[in-house]
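Spelled out from the first residue to the last, the chains are:
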Amino acid sequence: MKIAVMGYGTIGSGVVEVLDINKDRIAERAGEPVEVKYVLDLREFPGDPMEDKIVHDYKTIVEDKEVGIVVETMGGVEPAYTFVKAMLEADKSVTTSNKALVAEKGADLIRIAREHNVNFQFEASVGGGIPIIRPLNKCLTADEIEEITGILNGTTNYMLTKMANEGADFDDVLKDAQDKGYAEKDPTADIEGHDPCRKIAILTSLVCGKQVDFEEIHCEGITKISATDMKYAKAMGRSIKLLASSKRVGDDYTALVAPFMLDASHPLCGVNDVFNGVFVHGNVLGDAMFYGSGAGKLPTASAVVADVVDMVKHQHTNIFIDWKPEKVELLDYKESENRFFVRTDSPKAEVEAVFGKVEYIDGVAAGEYAFTTDQMKEGDFQDKAQKINVLNRIRLG
């Protein structure tokens, strides 16, 4: 099988490396050897093992009938969408690690692949090396998936873990994450929650079989989490995690990305550093957990190559993925219910007048205290919170 790799950055070069490291085992599992014929990139790579395979025009790949599978690791929606669409229309299967492309154009590309009896797969677009897309599409198809909640961003999880362990402030751990290469120079997509928001949109689309637009998911990042919040969490035996969550409510779905203060019994409480975890609840399965390296060159490339092997085994056969372009209208997150941790310096009499009986956490920080609420609707909490001085609030999980 001749394949092409579009984008020779971290993940693309990782795919080439994985194909080389495990070439014998991959050939056994795929039923034939897998060989890279082209690497598409704007740059030249003098001295690189792939130097003589570099091409600059995607049409070189489109027009070569010998290439049966294309790997897209360019990132972004364009020109990736144009290139991937052309590959599928030329009867070539495509696998991608590109969450932005899958979140926005996944349903369309799945349709085109089906029309041309080829495949569009995207295991590496969510959770890096953790298998979660294929289990949803194959292993869990007998279940109604009622909840998916995940730590889906290694950068923010690393930052929150470091804040918890060292009592460090947000700005200090962000700089550390950038120095270590975990956070980009512009870290907005991570710290504001946009990255896990796209990923939970993809997972929810697969669960409900329709298009979930990530722009319509209520999204909060970790920029308001402070060292003081971490002290409270420690005092309460909890940990603060950025969760991306999707739940089925009757025939509808609600989704949210936000920091949660998790109890030690929560299955995601112990997922630390750059690791990711995905918790799934099915109506007949019950609870399941997927845990592992959620990013990184070789773990992500491993998931991409697994798609390549799957597609070599299914030549001239479309693997059905239930994801229609029809759009899902998510329930307003303000109608969903949560408990809340609240820091305040308002008099306790005022708090009780607004929230009724609450549980207090005193003696953690000078000049303030905290309390936890009962379960209530998000909208009701927002109305009540306006009547006292809230220093910060975090949902409880």
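Caption draft 1: Structural context of the overall build of the protein. Along the backbone of the protein there are 14 helices and 17 strands. Its C-alpha radius of gyration of 23 Å places the protein within 12% of the 21 Å reference for a compact globule of 397 residues. The C-alpha extent of the protein, read off along each of the three principal axes, is 75 × 45 × 35 Å. Going through the 397 residues of the protein one by one, you find that 55% of them count as buried. Restricting to contacts in the protein with at least 6 residues of sequence separation, those with at least 24 account for 72%.

Caption draft 2: Fine view of the nonpolar core. Grouped together as the largest cluster of nonpolar side chains are 86 residues, with contacts concentrated most on Ile61, Phe120 and Phe122. No other element matches helix 5 (residues 99-115), which puts nine residues into this core. Discounting chain neighbours no more than four positions away, the residues touching Phe120 are Val84, Leu88, Val94, Thr96, Val102, Gly106, Leu109, Ile110, Ala113 and Ile321.

Caption draft 3: Main features of the sheet that holds strand 2 (residues 35-40). Strand order in this open sheet of six strands is 3-2-1-4-5-6, and the pairing throughout is parallel. On the outer flanks of this sheet lie strand 3 (54-55) and strand 6 (120-121), each paired with one strand and no other. Strand direction decides the pairing type here: strand 2 and strand 3, joined by two bridges, are parallel. Within the sheet, the bridge partner assigned to Val39 lies in strand 3 and is Ile54. Across the sheet, helix 12 (residues 297-313) lies against strand 1 (2-6), strand 4 (67-72), strand 5 (93-96) and strand 6, angled at about 160° from strand 5, the strand it touches most.

Caption draft 4: How the structure looks around the packing of aromatic side chains. Applying the stated criterion across every chain yields a total of eleven aromatic pairs. Look at Tyr58 and Phe83: their rings are 4.2 Å apart centre to centre, the planes differ by 15°, and that puts the pair in the stacked class. Of this pair, Tyr58 sits in helix 3 (residues 58-62) while Phe83 sits in helix 4 (residues 80-89), and the two are 25 residues apart along the sequence. A residue is classified by how much of its surface remains accessible, and Phe83, at 14% relative accessible area, is buried. Here a set of aromatic residues connected by ring pairs shows up, and it is made of Phe340, Phe355, Phe371 and Phe381. The cationic tip of Lys105 hangs over the ring face of Tyr81; the distance from NZ or CZ to the ring centre is 4.7 Å.

Caption draft 5: Structural detail: the pattern of salt bridges. Under the criterion given, the structure shown has 33 salt bridges. Residue Lys348 pairs with Asp362 through a salt bridge whose shortest N-O separation is 3.0 Å. Linking Lys348 in helix 13 (residues 348-355) with Asp362 in the loop between strand 14 (359-361) and strand 15 (369-372), this pair joins segments that are 14 residues apart in sequence. A relative accessible area of 45% places Asp362 in the partly exposed class. Where salt bridges share partners, they join Glu123, Arg134, Lys138, Asp307 and Asp310 into one cluster.

Caption draft 6: Summary view of the environment of Met311. Structurally, Met311 can be placed in helix 12. Overall, Met311 belongs to the buried group, its relative accessible area being 2%. Ignoring sequence-local partners within four residues, the contact set of Met311 consists of Ile69, Ser93, Val94, Thr95, Asn119 and Gln121.

Caption draft 7: Fine view of the packing of helix 4 against helix 5. At a closest axis distance of 10 Å, the pairing of helix 4 and helix 5 adopts a crossing angle of 15°. Here helix 5 runs roughly parallel to helix 4, going by the angle between their axes. For the element pair helix 4 and helix 5, the recorded crossing hand is right-handed. Where helix 4 approaches helix 5, its residues Ala80, Tyr81, Val84, Lys85, Leu88 and Glu89 are matched on the opposing element by Leu101, Lys105, Asp108, Leu109, Ile112 and Ala113. Considered class by class, the residues forming the contact of helix 4 with helix 5 number eight nonpolar, no polar and four charged.

Caption draft 8: Molecular detail of the pairing of strand 13 (residues 337-344). Taking burial as the measure, the eight residues of strand 13 include six buried ones, the bulk of the element. In this structure, strand 13 lies alongside strand 16 (residues 376-377), joined through two bridges in antiparallel fashion. Within strand 16, the position partnered with Glu337 by the bridge is Lys377. Bridge analysis of strand 13 against strand 15 gives four bridges, and the strand direction is antiparallel. Note that in strand 15 the partner of Val342 across the bridge is Phe371.

Thresholds applied
Residues numbered from 1 in each chain as written. Predicted model: local features only at pLDDT ≥ 70, side-chain atom pairs only at ≥ 80, totals over all residues. Heavy atoms only, no water. Helix = DSSP H or I, 4+ residues; strand = E, 2+ residues; numbered from the N terminus. Rg over C-alpha atoms; globule rule 2.2 N^0.38 Å. Buried < 20%, exposed > 50% of the residue type's maximum accessible area, 1.4 Å probe, protein only. Contact = heavy atoms within 4.5 Å. Core = buried A, V, L, I, M, F, W, Y, C linked by side-chain atoms within 4.5 Å. Pairing = 2+ DSSP bridges. Axes fitted to C-alpha atoms, helices over the stretch in contact; angles between N-to-C directions. Phe/Tyr/Trp six-rings, centres within 6.5 Å; stacked < 30°, edge-to-face > 60°. Lys NZ or Arg CZ within 6 Å of the ring centre and 35° of its normal. Salt bridge = Lys/Arg side-chain N within 4 Å of Asp/Glu carboxyl O. Parallel < 35°, antiparallel > 145°, perpendicular 65-115°, else oblique. Left-handed = near helix turned anticlockwise from the far one by under 90°. Nonpolar A, V, L, I, M, F, W, Y, C, P; charged D, E, K, R; others polar.

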